[in-house]
Each structure stands twice: as C-alpha cells, then as structure tokens.
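The chain contents come next:
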Amino acid sequence: MKNAFNLLLTVSCVLALSCSKDDDPDPPSGDVDLVKTQVIVFEQSGIPELTVNYYYDDQRRLMRSLFSSGDSIVFEYLSSQIIERSYTGPFKYSEVNYFLGTTGLVDSSARSDGQLTTGVRYDGAGYRVELREYDGSNALVSRQVHQYTGGNEVASYSYDGNGNLDYSQTNTYDTGHQNSLSHPAQGQPYLGKSSANVNTQVVRTDHISSQSETYLYEYDYDSGGRIATVRTFIDLTLAATQHFSYY
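Notes on the structure in this doc start here.

**Topic: the overall build of the protein**
- Assigned secondary structure in the protein consists of one helix and 16 strands.
- Since a compact globule built from 247 residues should have a radius of gyration of about 18 Å, the 18 Å found for the protein is in line with a globular shape.
- Taking the principal axes of the C-alpha coordinates as reference, the protein spans close to 50 × 45 × 40 Å.
- Expressed as a percentage of the 247 residues in the protein, the buried residues total 44%.
- Taking the intrachain contacts of the protein between residues at least 6 apart in sequence as the baseline, contacts between residues at least 24 apart amount to 38%.
- Here the protein carries 17 positive and 30 negative side-chain charges, and the mean point of each set is 4 Å from the other.

**Focus: the packing of aromatic side chains**
- Applying the stated criterion to the full structure yields four aromatic pairs.
- Judged by centre distance (5.8 Å) and plane angle (80 degrees), the rings of Tyr56 and Tyr247 are edge-to-face. Here the residue Tyr56 occupies a position in strand E2 (residues 50–56), and Tyr247 occupies one in the segment after strand E16 (237–246), the gap between them amounting to 191 residues.
- You can call Tyr56 buried: its relative accessible area is 5%.
- Relative accessible area serves as the criterion here: at 25%, Tyr247 is assigned to the partly exposed category.
- Ring centres of Tyr77 and Tyr190 lie 6.0 Å apart, and the angle between their planes is 65 degrees; on these two criteria the pair is classed as edge-to-face. In this pair, Tyr77 sits in strand E4 (residues 71–77) while Tyr190 sits in the loop between strand E12 (165–178) and strand E13 (197–206), placing the two residues 113 residues apart along the sequence.
- Positioned above the aromatic ring of Tyr77 is the side chain of Arg61, whose terminal nitrogen or guanidinium carbon lies 4.4 Å from the ring centre.

**Quick word on the nonpolar core**
- Membership of the largest hydrophobic core comes to 35 residues, with the highest contact counts inside it found for Val35, Phe75, Tyr77, Ile227 and Phe244.
- Counting residues per element, this core draws most heavily on E2, which supplies four residues.
- Setting aside anything within four residues of it in sequence, one finds Tyr77 in contact with Arg61, Leu62, Met63, Ile82, Gly187 and Tyr190.

**Looking at the pattern of salt bridges**
- On inspection of all chains with the given rule, the structure shows eleven salt bridges.
- Residues Asp57 and Arg61 are paired through a salt bridge, measuring 2.7 Å at the closest nitrogen-oxygen approach.
- For Arg85, the salt bridge is made with Glu95, and the minimal N-O distance between the two is 3.2 Å. Here Arg85 is found in strand E5 (residues 81–88), whereas its partner Glu95 is found in strand E6 (residues 91–100), with ten residues between them in sequence. Neither Arg85 nor Glu95 differs from the other in exposure class; each is buried.
- If you follow the salt bridges from partner to partner, you end up with Glu76, Arg85, Lys92 and Glu95 in one network.

**Let's talk about the pairing of E13**
- For E12 and E13, the ladder comprises nine bridges, and the chain directions are antiparallel. The residue bridging Thr170 from the neighbouring strand is Val203, located in E13.
- Taking the residues between adjacent antiparallel strands as the criterion, E13 and strand E14 (residues 211–221) are bridged by four residues, where Ser210 takes a positive phi near 60 degrees.

**What to know about unusual backbone geometry**
- Even without being glycine, Asn138 reaches a positive phi, approximately 70 degrees.
- Along the chain, the position of Asn138 falls in the loop between strand E9 (128–135) and strand E10 (140–149).
- Even without being glycine, Ser210 reaches a positive phi, approximately 60 degrees.
- Looking at the secondary structure, you find Ser210 in the loop between E13 and E14.
- Since its relative accessible area comes to 63%, Ser210 is described here as exposed.

What counts, and where the lines are drawn
Residues numbered from 1 in each chain as written. Predicted model: local features only at pLDDT ≥ 70, side-chain atom pairs only at ≥ 80, totals over all residues. Heavy atoms only, no water. Helix = DSSP H or I, 4+ residues; strand = E, 2+ residues; numbered from the N terminus. Rg over C-alpha atoms; globule rule 2.2 N^0.38 Å. Buried < 20%, exposed > 50% of the residue type's maximum accessible area, 1.4 Å probe, protein only. Contact = heavy atoms within 4.5 Å. Lys, Arg positive; Asp, Glu negative; His and termini not counted. Charge placed at Lys NZ, Arg CZ, Asp CG, Glu CD. Phe/Tyr/Trp six-rings, centres within 6.5 Å; stacked < 30°, edge-to-face > 60°. Lys NZ or Arg CZ within 6 Å of the ring centre and 35° of its normal. Core = buried A, V, L, I, M, F, W, Y, C linked by side-chain atoms within 4.5 Å. Salt bridge = Lys/Arg side-chain N within 4 Å of Asp/Glu carboxyl O. Pairing = 2+ DSSP bridges.

In short, shape yes, function no, at least from these values alone.
As structure tokens, then:
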C-alpha cells in the first residue's frame, strides 16, 4: 500500500498544512464556515496520528496553522502575489511564489530556486481546467487537464512533457451533500472553484504500469450538515480517517 500521507495529499478534502501560534484570534464570520482543526488517523501505515490547527486573518485568508509533527507552511499575501514558505521545525526547506491574474485567481507560480514553474488556466466559471509544469530551462514537464459536470470535477488527465498519458482519474459524487471543505472553507479562494459536492469514489489509473486503484470515501456530518469525518478506503481496505471541526 502507498504511504498513507502521500495518499491523503492526493485527496481533495485534505487541506494545506501550515504553522501558527495557539493564541491567534478567531476569524470574522462569513457565508462559509472556515475549517478549524483536522485530525488524521493513518489506519494501516503505522504513521502517528496528526493534528492540524488552522488560523486565518481578518479577511478570512489562511495564514498559518500548527501541524503536530512540527512541519509547517506560512502564507504571506501581497497585492498580486502570495508567498508560501514551508518549514520543518524552524528550518525553511521550500518557498513558492503564486502570482494572481486579473480575476484574483492564481495563474502561475514559481519556486524560489527556479527549478519548477507552473501556468494555470480556468474556465469562465472559475474552475481550473489546465495546469502546466515547466522545469528550470522552461521545458514542459507535465500537463494536467480537468473536466467538470454539474459543478463537480468528474475526470482529470496527466500527460508528460511529450504528450503521453501518464495518469487518469474519474470521480463520483454524492449530489445530496455539499462540500464543506471547499477552497473558500480553507481560506484559499484564489485557487479557483472546488467541486460542489462530496466525492464518494475515485478511480485512478496509472497508464505507465497499466494498473488502477479505487478510492472510496464515507462521511459523517455534524448538526450543520458539514463534513465531520471522512473515511478513506483503498480497494476496500480502510487507509485513513479524518476528523474536522469548524470556526
């Protein structure tokens, strides 16, 4: 089985991990409830349970969080740029600059070391439909294409720099439940629109090895109809459980 942490990073409901102090004030109220905490239990891998506390500024933007392992990410917001700095304990190991287009969405990004840049394209509704990655020599490394139906991402395809299909993914949704873990609920609306409903199944195919995996998701909801618990299964085996609370 794949490393469970890598698994969760590929699931849409997993949030960005950041660092913070415990005494940050609560964010102001708004139309969308912001995620406050996430507890991740890795059922099969032996990785210790992880707790993440999320903190926002007075504009409801994700600023920093406390990640129980000591790893962290901190965000700095400028007029047309967002800087994301990642740390292991007190030591910075990565910095990414996100550049905003005229619509306020990220249309490109670059690592501070210049080794990887991206270009992003959205449809008229604000959903991301394409992401291109380039290396330090500006050569195309990969291209991702996303397709949507009814406000949900139903399929995605990943190609290498030569146009060969590496991976594909199809998604199934429960249209009776709203996605309370959207980008606005994470304080990151600049990433574009999220799928409107909860994802119940992902089939991911590796076209290099001609193998597929099926991810299944089960949910519990709180009294406000928000996602409280997500159980992730890989080929029917429970891999991880996530618990969420909200401001």
